[in-house]
Amino acid sequence: MKRRQFLGCMGAGLVCLPLWPGAVGAKLLESPLATNRLRPPGGVPEEIFPAKCIRCGRCVEVCPYRSIVMLDIRAGISAGTPLVEAEKIPCYLCMKCVDVCPTGSLRRIRQEDTRMGLAVINRFHCAAWIGTTLCRTCYDKCPYSEKAIRLDQLRPVIDETVCTGCGICTHACPVTAPDGGKAVNIEPIFARNKVTT
């Protein structure tokens with residue numbers, strides 16, 4: 001293997017991964033975050049998360065709902081880090097994971113200050129928005145209903161200043177869009193924030 005194909009160690013005790021040119025190398029460094037794929041509560045920005053997390057698995061062990069899974073080797077540089085797949089099992093905001101994280105990868109924050117992502121309603125598929133039925137499942141299941149999700153003329157509307165991105169609304173949503181998503185999905189927009197200090 002040529003010298004230019006190696007990525008040096010990211011820090012003492014962390015895994016060294018080969019850096020392949022092109023698409024394969026890019027895949028190794030790609031973030032696992034996507035629609036309905038989120039870091040647990042209190043996660044630091046994604047640009048530093050893989051380097052800060054020591055892959056101890058404490059957050060996975062302490063989660064009473066089994067909402068947090070550990071990524072396998074296919075996740076490249078993020079292998080061994082925690083992820084919440086909101087569509088399968090959302091985060092119920094018990095906040096136990098933030099109390100056991102030894103590195104501060106999951107910062108200790110209050111439940112209402114959690115910003116795992118932001119719920120986004122697909123108005124082309126939401127039953128309440130297209131008028132096929134009076135569905136209010138996301139509103140009824142939201143732990144902050146009438147704050148994070150309110151009804152406007154019986155249609156759900158998200159307040160981005162309150163939504164925690166827990167994914168309970170997504171998990172409960174009875175509508176599956178043709179692309180496989182739900183009528184309400186969680187986008188991990190806050191994890192993409194850049195480190196400023």
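Reading the values: rules and limits
Residues numbered from 1 in each chain as written. Predicted model: local features only at pLDDT ≥ 70, side-chain atom pairs only at ≥ 80, totals over all residues. Heavy atoms only, no water. Helix = DSSP H or I, 4+ residues; strand = E, 2+ residues; numbered from the N terminus. Contact = heavy atoms within 4.5 Å. Areas by Shrake-Rupley, 256 points an atom, 1.4 Å probe, with all protein chains shown as cover. Pairing = 2+ DSSP bridges. Patch = residues over 30% accessible without salt bridge, like charges linked within 9 Å, V, L, I, M, F, W, Y side chains within 5 Å. Salt bridge = Lys/Arg side-chain N within 4 Å of Asp/Glu carboxyl O. Buried < 20%, exposed > 50% of the residue type's maximum accessible area, 1.4 Å probe, protein only. Phe/Tyr/Trp six-rings, centres within 6.5 Å; stacked < 30°, edge-to-face > 60°. Lys NZ or Arg CZ within 6 Å of the ring centre and 35° of its normal. Core = buried A, V, L, I, M, F, W, Y, C linked by side-chain atoms within 4.5 Å. Polar contact = N/O pair within 3.5 Å; in protein donor to acceptor, adjacent residues only side chain to side chain. pLDDT = per-residue confidence, 0-100.

### Thoughts on the overall build of the protein
So, point 1. When helices and strands are counted, the protein shows 7 helices and 7 strands.
So, point 2. When the helices and strands of the protein are placed in sequence order, the string is α-β-α-α-β-β-α-β-α-α-β-β-α-β.
So, point 3. Taking the contacts inside the protein whose residues are at least 6 apart along the sequence as the reference set, 62% of them involve residues at least 24 apart.
So, point 4. Total accessible area computed for the protein in this model is approximately 10900 Å², and 55% of it derives from carbon and sulfur atoms.

### With respect to the pairing of strand β5 (residues 149–152)
Along any regular strand the residues' side chains alternate between the sheet's two faces.
So, point 1. Where β5 lies against strand β6 (residues 155–158), 4 bridges are found, and the strand directions are antiparallel. Bridge pairing in β6 places Arg-150 opposite Val-157.

### Considering a nonpolar patch on the surface
So, point 1. Where nonpolar side chains cluster on the molecular surface, the patch consists of Tyr-65, Ile-89 and Tyr-92 and spans about 260 Å² of accessible area.
So, point 2. Structurally, the position occupied by Tyr-92 is in the loop between β3 (82–85) and α4 (96–100).
So, point 3. With relative accessibility at 34%, the residue Tyr-92 sits in the partly exposed group.

### Some details on the packing of aromatic side chains
So, point 1. Following the criterion strictly, the structure yields 1 aromatic pair and no others.
So, point 2. When the centroid spacing of 4.6 Å and the interplanar angle of 45° are considered together, the rings of Tyr-65 and Tyr-92 count as tilted. Separated by 27 residues along the polypeptide, Tyr-65 in the loop between α3 (58–62) and β2 (68–70) and Tyr-92 in the loop between β3 and α4 bring together distant segments of the chain.
So, point 3. Sitting over the ring of Trp-129, Arg-123 keeps its end group 3.9 Å from the ring centre.
So, point 4. The ring of Trp-129 has Arg-155 sitting right over it, with the charged end atom 4.1 Å from the ring centre.

### Re the nonpolar core
So, point 1. Residues Leu-106, Cys-169 and Val-184 are the most contacted members of the largest nonpolar core, which totals 38 residues.
So, point 2. At the level of secondary structure, the elements contributing two or more residues to this core comprise α4, β4 (118–121), α5 (127–130), α6 (137–141), α7 (168–172) and β7 (184–187).
So, point 3. Looking at this core, the element that brings in the most residues is β4, giving 3 residues.
So, point 4. Excluding residues that lie within four positions of it along the chain, Val-184 makes contacts with Ala-119, Val-120, Ile-121, Cys-138, Cys-169, Thr-170 and Cys-173.
So, point 5. Formed by 5 residues, the second largest nonpolar core is a distinct cluster that contains Leu-33, Leu-71, Leu-83 and Ala-191.

### Re the side chain of Ser-105
So, point 1. Turning to its location among the elements, Ser-105 is positioned in the loop between α4 and β4.
So, point 2. In this structure Ser-105 comes out as buried when scored by relative accessible area, which is 1%.
So, point 3. Looking at Ser-105, its side chain comes within polar contact range of the side chain of Thr-103, at 2.7 Å.
So, point 4. If near-sequence neighbours (up to four positions away) are discounted, Ser-105 is found in contact with Gly-42, Gly-43, Val-44, Phe-49, Lys-52 and Cys-53.

### A few points about the confidence of the model for the protein
So, point 1. Confidence in the prediction for the protein averages 88 pLDDT; 84% of positions are at 70 or higher.
So, point 2. In the model, residues 1–14 has pLDDT below 50 throughout and makes 21 contacts with residues more than four positions away in sequence or in other chains.

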